Amino acid sequence: MPTPLSEIMLNDRGFAFDPTTGESFQLSTTGLEIVRALRQTPDREAALRKLIEEFEVDENTARRDFDQFLASIEQIGWLP
């Protein structure tokens, strides 16, 4: 059974623990901020806009990295 993103345990250094599977992950700074943004709002576009503002990156680069990260966390079951 997939673990909802809201149940993933995080620390400020990017360590993520999935309590359902017992697996641990090391997130990049950007990955950590994406997870935090998605926890605050399930609206992916709003989360993306927040990251664009925070990291001062162009939209195309942000969208590419964002979509790539989402595909990764969907694959491990953190997103439906």
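Small disclaimer: the values here were computed from a predicted structure and weren't measured.

### Focus on the overall build of the protein
Secondary structure summary: the protein contains three helices and three strands in total. Helices and strands in the protein line up, N terminus first, as β-β-β-α-α-α. Relative to a compact globule of 80 residues, whose C-alpha radius of gyration would be 12 Å, the protein shows 12 Å and is just as compact. Principal-axis analysis of the C-alpha atoms places the extent of the protein at approximately 35 × 25 × 20 Å. Across the 80 residues that make up the protein, the buried fraction comes to 32%. Once local pairs closer than 6 in sequence are excluded, the contacts in the protein between residues at least 24 apart make up 39%. Carbon and sulfur atoms provide 50% of the accessible area of the protein, an area that totals close to 5,200 Å².

### Some points on the packing of helix α2 (residues 44-55) against helix α3 (residues 59-75)
With their axes 10 Å apart at the nearest point, α2 and α3 run at an angle of 125° to one another. Comparing the axis directions of α2 and α3 gives the class oblique. Once α2 is placed against α3, the crossing between them reads as right-handed. Between α2, through Arg 44, Glu 45, Ala 47, Leu 48, Leu 51 and Ile 52, and α3, the contact on the second element is made entirely by Glu 59, Ala 62, Arg 63, Phe 66, Leu 70 and Glu 74. In the contact of α2 with α3, the residues fall into seven nonpolar, no polar and five charged.

Quick notes on the rules
- Residues numbered from 1 in each chain as written.
- Predicted model: local features only at pLDDT ≥ 70, side-chain atom pairs only at ≥ 80, totals over all residues.
- Heavy atoms only, no water.
- Helix = DSSP H or I, 4+ residues; strand = E, 2+ residues; numbered from the N terminus.
- Rg over C-alpha atoms; globule rule 2.2 N^0.38 Å.
- Buried < 20%, exposed > 50% of the residue type's maximum accessible area, 1.4 Å probe, protein only.
- Contact = heavy atoms within 4.5 Å.
- Areas by Shrake-Rupley, 256 points an atom, 1.4 Å probe, with all protein chains shown as cover.
- Axes fitted to C-alpha atoms, helices over the stretch in contact; angles between N-to-C directions.
- Parallel < 35°, antiparallel > 145°, perpendicular 65-115°, else oblique.
- Left-handed = near helix turned anticlockwise from the far one by under 90°.
- Nonpolar A, V, L, I, M, F, W, Y, C, P; charged D, E, K, R; others polar.

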